[in-house]
Amino acid sequence: MPLSLNVKQKLVGVAVLLVIFVLLGSFLVWGRPQNPDFAAYEAQTQKIFADAKTQFEHIRNVTLPQDINLYIYTKQQAVDRWGQDPPNSDTTSILRQEIIYKSLFLMDETDSLSGATAEWIAGWTAVALGKDIYVIYENFQPWNLPAAEATLIHELTHIWQDGLPVSASYDANKAHNALAEGDASYMSDYYKTQYNTPTASTTTVGVGDLKNLSAIVDVLNLNFVYPSVPDTVTELNWFPYIQGKTFVSAIVDTGGWDRLNLCYTHPYTPSTTEQILHPDKYLAGETAKPSLAPIPADNSWTIIPSSYGYDSDTYGEYFIYVMLNRWLNDSQAQQAATGWGGDTFTYYEKNHAFLFTWNITWDTPQDACEFNHAFLDLLNLTQANPKGTNTWFTNNRYLTLIWNPNTDSTLIVCSTNPDIADPSFFIC
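Predicted, not measured: the structure shown is a model, and the values here were computed from it. (Residues numbered from 1 in each chain as written. Predicted model: local features only at pLDDT ≥ 70, side-chain atom pairs only at ≥ 80, totals over all residues. Heavy atoms only, no water.)

Asker: Looking at this structure, I do not really get the overall build of the chain. What am I missing?
Answerer: The secondary structure content of the chain amounts to 13 helices and 12 strands. Here the chain holds 428 residues, and the buried ones make up 50% of them. (Helix = DSSP H or I, 4+ residues; strand = E, 2+ residues; numbered from the N terminus. Buried < 20%, exposed > 50% of the residue type's maximum accessible area, 1.4 Å probe, protein only.)

Asker: Would you mind going over the environment of Ala 353 with me for this structure?
Answerer: Structurally, Ala 353 can be placed in strand S7 (residues 353–362). Note: C-alpha distance between Ala 353 and Ser 415 (62 residues apart in sequence) is 7.4 Å. Excluding its chain neighbours within four sequence positions, the residues that come into contact with Ala 353 are Trp 301, Tyr 348 and Thr 416. (Contact = heavy atoms within 4.5 Å.)

Asker: Teacher, can you tell me more about the packing of helix H12 (residues 330–338) against helix H13 (residues 365–382) here?
Answerer: When two helices pack together, their arrangement is given by the angle between the helix axes and the distance between those axes. Relative orientation of the contacting elements H12 and H13 amounts to 140°, with a least axis distance of 8 Å. It follows from the interaxial angle that H12 and H13 lie oblique. When the axes of H12 and H13 are compared, the crossing they make is left-handed. Between H12 and H13, the residues in contact are Gln 332, Gln 335 and Ala 336 and Glu 370, Phe 371, Ala 374 and Asp 377, respectively. Partitioning the contact of H12 with H13 into residue classes produces 3 nonpolar, 2 polar and 2 charged. (Axes fitted to C-alpha atoms, helices over the stretch in contact; angles between N-to-C directions. Parallel < 35°, antiparallel > 145°, perpendicular 65-115°, else oblique. Left-handed = near helix turned anticlockwise from the far one by under 90°. Nonpolar A, V, L, I, M, F, W, Y, C, P; charged D, E, K, R; others polar.)

Asker: What exactly am I supposed to notice about the sheet that holds strand S8 (residues 385–386) here?
Answerer: Read across the open sheet, the 7 strands follow the order S5-S6-S7-S11-S10-S9-S8; overall the sheet is antiparallel. Only two strands of the sheet have a single neighbouring strand rather than two, namely strand S5 (302–304) and S8. With 5 bridges connecting them, strand S10 (residues 397–402) and strand S11 (residues 409–415) associate as antiparallel partners. Of the residues in S11, the one forming a bridge with Ile 402 is Leu 411. The strands that helix H11 (residues 316–325) touches are strand S6 (340–350) and S7; relative to S7, the one it contacts most, it runs at about 110°. (Pairing = 2+ DSSP bridges.)

Asker: Please explain the nonpolar core as it appears in this structure.
Answerer: Counting 89 residues, the largest nonpolar core has Tyr 101, Ile 320, Met 323, Leu 324, Trp 358 and Phe 375 as the members making the most contacts within it. Among the elements that take part in this core, helix H8 (residues 231–262) stands out by supplying 9 residues, more than any other. Apart from residues no more than four positions distant in its own chain, Phe 375 is found in contact with Met 323, Leu 324, Leu 399, Leu 401 and Ile 412. (Core = buried A, V, L, I, M, F, W, Y, C linked by side-chain atoms within 4.5 Å.)

Asker: Explanation requested: the packing of H8 against H11 in the structure shown.
Answerer: It is the contact of H8 with H11, at a shortest axis distance of 10 Å, that shows an interaxial angle of 150°. By the angle between their axes, H8 is roughly antiparallel relative to H11. Crossing hand, H8 versus H11: right-handed. Residues Thr 232, Glu 235, Leu 236 and Phe 239 of H8 lie in contact with H11, whose contacting residues are Tyr 318, Phe 319, Tyr 321, Val 322 and Asn 325. When its residues are assigned to classes, the contact of H8 with H11 shows 6 nonpolar, 2 polar and 1 charged.

Asker: Explain the pattern of salt bridges to me, please; I cannot follow it from the model alone.
Answerer: Between side chains of opposite charge, a pair can form as their charged atoms come close. One pass over the structure, following the stated rule, counts 10 salt bridges. Across the pair Lys 350 and Asp 298 runs a salt bridge, and its minimum N-O distance is 2.8 Å. Residue Lys 350 is located in strand S6, and its partner Asp 298 is located in the loop between strand S4 (295–296) and S5; the two are separated by 52 residues in the primary sequence. By relative accessible area, Lys 350 is classed as partly exposed at 22%. Using a relative accessible area of 31% as the deciding quantity, one classes Asp 298 as partly exposed. One salt-bridge network, in which partners are shared between bridges, spans Asp 189, Lys 192 and Lys 245. (Salt bridge = Lys/Arg side-chain N within 4 Å of Asp/Glu carboxyl O.)

Asker: Please clarify how the sheet that holds strand S2 (residues 126–129) should be interpreted in this entry.
Answerer: To summarise the sheet geometry, strands pair through backbone hydrogen bonds and adopt either a parallel or an antiparallel arrangement. Pairing within the open sheet is mixed, and its 3 strands lie in the order S1-S3-S2. Pairing within the sheet leaves two strands with one partner each, and these edge strands are strand S1 (69–73) and S2. Across this sheet, the average inter-strand angle for adjacent strands is 20°, counted without regard to direction. Sheet topology places S1 next to strand S3 (residues 132–136); 5 bridges connect them, and they run parallel. Directly across from Tyr 73, in S3, lies its bridge partner Ile 136. The sheet strands contacting helix H2 (residues 38–60) are S1 and S3, and the helix crosses S1 at an angle near 145°.

Written out as structure tokens, the structure is:
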């Protein structure tokens, strides 16, 4: 049950007192709530934490770092530490992402990608950061076994995963996160299935009741609350947790823990959401096809590097599915996205104008044709205003869709500049 406002205020007041104790030298207790039952809460949490480490090493046949620490935070302390925008934070990238999402009809014009961080963090059960694990006092119930210990095993999995390659694109980042979150969720589920077997520990049985942060935090058992973020963005955020566990399950079924461990070594780390959605393609070694982007003939357009530091980005199969599924039924969206082979997304600015090109390579010309028809259906449902054969205008933006029959690529171009419909606008 959620705590009352008065109780929350009391906990915040306790946190202020704890700061004073920190200044006096009690560094080890900073961040801990204090009440008459806290000693028992902490003792039980540390007890099952010790057992979780043993269980993890036994299941995975690996050795965890020895210097892993566990801390107890209140909701407010978690929000104070992770839920506030840093001073002088740059919101330009968020605004650019909004432009892209709105241009592709993933969001309404009144939607925003800002906000809701505090509500999200307040719902965490636990979080792994570096070699530290934090449990949220109000949400983590250490006597609720085996779920509580499974949560800690989930977090220990994240700490053990400290070796994933740096993501080079949006799509690769989703794939890496799907491996990480899927593995952690699978491990916690696996432990729960083993809990009542003779090999499982029974010493903890009791009675009673963030390149970004999202890559390192766990939201196990979290009921996502996004009061201002559209459902499509929430669905993209859910991908690592839902699809990741399905992928990991398929890998373990194929080759056991050793094959799953291999996923963390080059070149076996999944690199596309297509591989996560279709483990058979991952096991067959199918990777993204190269996809070239047209270049504006007017060299006064400035290319804006992606958040991963490259001139272009890749959105991948799952992003395309979510984009289509907002307007089309699930079957049509899946069918149109499944033939994805690769894509290249490039974003430009000039003065106050923007321009982006999104070239998608498909497995076959038939796959390109299916996507072309699906995107035309999407445009029809959005009631975008046609401006010629293959250009539409809506919300002060021009969008062009180009597909030459019998080719395996489709091109989407969007800008505030109406000249994008002119073929001479680009150097191909």
